[in-house]
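# Observations on the three-dimensional arrangement
Spelled out from the first residue to the last, the chains are:
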Amino acid sequence: MKPSILDFTLEELKTKVKPSFRAKQIYNWIYVQNVNSFAEMKNIPKDLIASLEEEYILNPLEIARIEESADGSKKYLFRCQDEYTMEAVLLPMKKEERNEEGKITSETKYTICVSSQVGCKIGCAFCLTAKEGFKRNLTAGEIVAQVLTLKKENNIAVNRRVNIVYMGMGEPLDNINNVVQAIKVFNEEDGLAIGARRQTISTSGLSHQIKKLGEMDLGVLLAISLHAVDDALREQLMPINKAYNIESVINAVKDFPIDQRKRVMFEYLVMKDLNDDIASAKKLVKLLHGIKAKVNLIYFNPYPNSPFKRPTREGMEKFKDFLNDHGVLCTIRQSKGLDISAACGQLKEKTDNDLA
Ligand code: SAH
Ligand code: SF4
């Protein structure tokens, strides 16, 4: 695999090209002008273009397939240089609004859900990504390329801010170095300029890595995939709980630096007759005591032969109301597209089956 130029922060690129002021121009061509090749960088001398072409690939991903869901979310299956595939999802969070004269009063807000690994080592029982095992970590450039490509493909203006959630395939904190590098590249003012506060890392709860990420104090937001309130059930669903139990995750969250105006998100995948009872909701309230938290309930999205069941709407509402009535902010993840994307890995599975 050829390294990608998207791997580098501006400072790093300055050490790689001579003279160093070219780095900023190159950054502009890539992230602002959206060029598809080094050859299009008009103010860059030919010999520098030739050496860039020799050393780096500009975009390390190819689009293998696109699937659009009824609510407007779009899933992209990407092929990496070594033929592995993974996916990213574009989620319009709010529709464009216009006034009576047809003028746009509020623009669509986008969230991009990115993958951090091909496959995953964590092996959660409910997750399709887990089924294919772990292949490899994505490089920083491959993470950056997902956002760059989705913005470009959907004509999302360069200066339009998008939110990034690391909720695609893989466990981001199991690839912390490349993920942190991607966060820094996204941050670059001369590049995509996506601040850390617009980026949410979702983790199955690798407590020691949550601590490490917290110590870096990057300003990123944190989402914890909790899914169960007692260790016995959580161990069954998420084997990682044997190494890092609920208490250790909660303690790591309590130490995590978070903007006063923000909250730590707790994702709770609801499975019928398993974790959807009010006794669990009660325990959850107790568990989150003292944390500025927000609970996001996710409908389990069944796939062929999945042993778990989708909860009823009524069950979800009851669970949500209980939390809200007891002082824990709680919402239900509404959009179907979001359900499917939260269950990233499903598009890939489908394509693999189609191609088989
Ligand atoms: N590995 C990280 C981030 C990727 S998983 C983590 O687990 O947090 C992103 C989300 O997809 C997780 O909250 C996970 O619980 C959810 N998910 C996995 N399988 C799902 C399914 N079948 N239906 C709905 N959500 C699912
Ligand atoms: Fe990995 Fe997250 Fe799926 Fe668990 S839910 S197997 S941590 S991707």
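Please read these numbers as outputs of a predicted model, since none were measured by experiment. (Residues numbered from 1 in each chain as written. Chains lettered and ligands numbered in written order. Predicted model: local features only at pLDDT ≥ 70, side-chain atom pairs only at ≥ 80, totals over all residues. Heavy atoms only, no water.)

### A closer look at the site of ligand 2
Here is the rule: What makes a residue near a molecule or strand is one non-hydrogen atom of that residue sitting within 4 Å of it. Amino acids are sorted into nonpolar (Ala, Val, Leu, Ile, Met, Phe, Trp, Tyr, Cys and Pro), charged (Asp, Glu, Lys and Arg) and polar (every other residue, Gly among them).
Lining the immediate environment of ligand 2, one finds C120, I122, G123, C124, F126, C127, A130, G170, E171 and S204. A class-by-class count of the residues in the shell around ligand 2 yields 6 nonpolar, 3 polar and 1 charged.

### Structural notes on the pattern of salt bridges
Inclusion rule: Whenever a carboxyl oxygen of Asp or Glu lies within 4 Å of a side-chain nitrogen of Lys or Arg, that contact is scored as a salt bridge. In this text, helices come from DSSP runs of H or I with a minimum length of four residues, and strands from runs of E with a minimum of two, each type numbered from the N-terminal end. When accessible area is computed with a 1.4 Å probe and restricted to protein chains, residues below 20% of their type maximum are described as buried, those above 50% as exposed, and intermediate ones as partly exposed.
Under the criterion given, the structure shown has 16 salt bridges. Its salt-bridge partner being R136, residue D82 comes within 2.6 Å of it at the nearest N-O pair. With D82 in the loop between β2 (74-79) and β3 (85-94) and R136 in strand β8 (residues 134-137), this pair connects stretches of sequence that are 54 residues apart. Given the relative accessible area of 14%, R136 is considered buried.

### A few points about the side chain of N275
Stated precisely, the cut-off is as follows: Any pair of residues with heavy atoms lying within 4.5 Å of one another is described as a contacting pair.
Along the polypeptide, N275 turns up in the loop between β12 (264-270) and α10 (278-287). A residue is classified by how much of its surface remains accessible, and N275, at 0% relative accessible area, is buried. Beyond its immediate chain neighbours, meaning those up to four positions away, N275 contacts H227, L233, Y268, L269, V270, S280 and F319.

### Brief notes about the packing of aromatic side chains
Rules: Put simply, two rings from Phe, Tyr or Trp (the six-membered ring, in Trp's case) pair if the centres are within 6.5 Å, and we call them stacked under 30 degrees between planes, edge-to-face over 60, tilted for the rest.
Enumeration over the complete set of coordinates arrives at 5 aromatic pairs. Relative to Y56, the ring of F8 has its centre 5.5 Å away and its plane inclined at 75 degrees; by these criteria the two rings are edge-to-face. Here F8 is found in the segment before α1 (10-16), whereas its partner Y56 is found in the loop between α3 (46-55) and β1 (62-68), with 48 residues between them in sequence. For F8, a relative accessible area of 12% puts it in the buried group. Exposure remark for Y56: the relative accessible area of 8% places this residue in the buried category. Ring plane angle 45 degrees and centroid distance 4.7 Å describe the contact between Y27 and Y31, whose orientation is recorded as tilted. One end of the pair, Y27, and the other, Y31, are both in helix α2 (residues 22-32), 4 residues apart, so they sit about a helical turn from each other. Each member of the pair, Y27 as well as Y31, carries the same accessibility label: buried.

### So, the packing of helix α6 (residues 176-187) against helix α7 (residues 207-216)
What counts, and what does not: Each axis is a line fitted through C-alpha atoms, taken for helices only over the stretch in contact, and angles between the N-to-C directions span 0 to 180 degrees. Oblique is the label for every angle not falling under 35 degrees (roughly parallel), over 145 degrees (roughly antiparallel), or within 65 to 115 degrees (roughly perpendicular). Helix crossings fall into two classes, left-handed where the near helix is turned counterclockwise from the far one by less than a right angle and right-handed where it is turned clockwise.
Here α6 crosses α7 at 30 degrees, and the two axes come no closer than 12 Å. Taken together, the axes of α6 and α7 are roughly parallel relative to one another. Here α6 runs over α7; the crossing is right-handed. Residues I176, N177 and V180 of α6 pack against Q209, K212, L213 and M216 of α7.

### Remarks on the domain arrangement of the protein chain
For clarity, the cut-off: In this entry, domain limits derive from an automatic or database-based domain assignment. Buried area: the accessible area, evaluated with a 1.4 Å probe, that two parts lose upon being put together, summed over both parts. Pairs of N or O atoms are called polar contacts if they sit within 3.5 Å, as long as, within protein, a hydrogen donor faces a hydrogen acceptor (for residues adjacent in sequence, only side-chain-to-side-chain pairs).
The assigned domain composition of the protein chain is domain 1 (5-55) and domain 2 (62-95 + 105-355). Each of domain 1 and domain 2 was reduced to a C-alpha centroid, and the two centroids are 32 Å apart. Taken together, the contact between domain 1 and domain 2 spans 15 residues of the former and 15 residues of the latter. Roughly 1300 Å² of surface becomes buried between domain 1 and domain 2 when both sides are summed, with 59% attributable to carbon and sulfur atoms. Together, L6, D7 and Y31 form the three largest contributors to the area buried by domain 1 at its contact with domain 2, with a combined 42%. At the junction of domain 1 with domain 2, the criterion picks out 1 salt bridge. Here K24 makes a salt bridge to D190, at a shortest N to O gap of 4.0 Å. Viewed at the interface, domain 2 and domain 1 are joined by 6 residue pairs in polar contact (both at pLDDT 80 or more).

### Details of the environment of K283
Topologically, K283 is positioned in helix α10. Spatially, the C-alpha atoms of K283 and M1 are 48 Å apart, while their sequence positions differ by 282 residues.

### Some points on the nonpolar core
Note the threshold: Joining through side-chain atoms within 4.5 Å is the link that ties buried Ala, Val, Leu, Ile, Met, Phe, Trp, Tyr and Cys residues into a set, and such a set is a nonpolar core.
In terms of nonpolar packing, the biggest core is built from 90 residues, with I5, I26, M41, Y166, F186, F266 and V295 touching the most fellow members. Two domains each provide a minimum of three residues to this core, namely domain 1 (5-55) and domain 2 (62-95 + 105-355). Excluding its chain neighbours within four sequence positions, the residues that come into contact with M41 are I26, W29, I30, V35, I49 and L58. The next biggest cluster of nonpolar side chains, apart from the first, holds 17 residues, and it includes I122, A228, M238 and I298.

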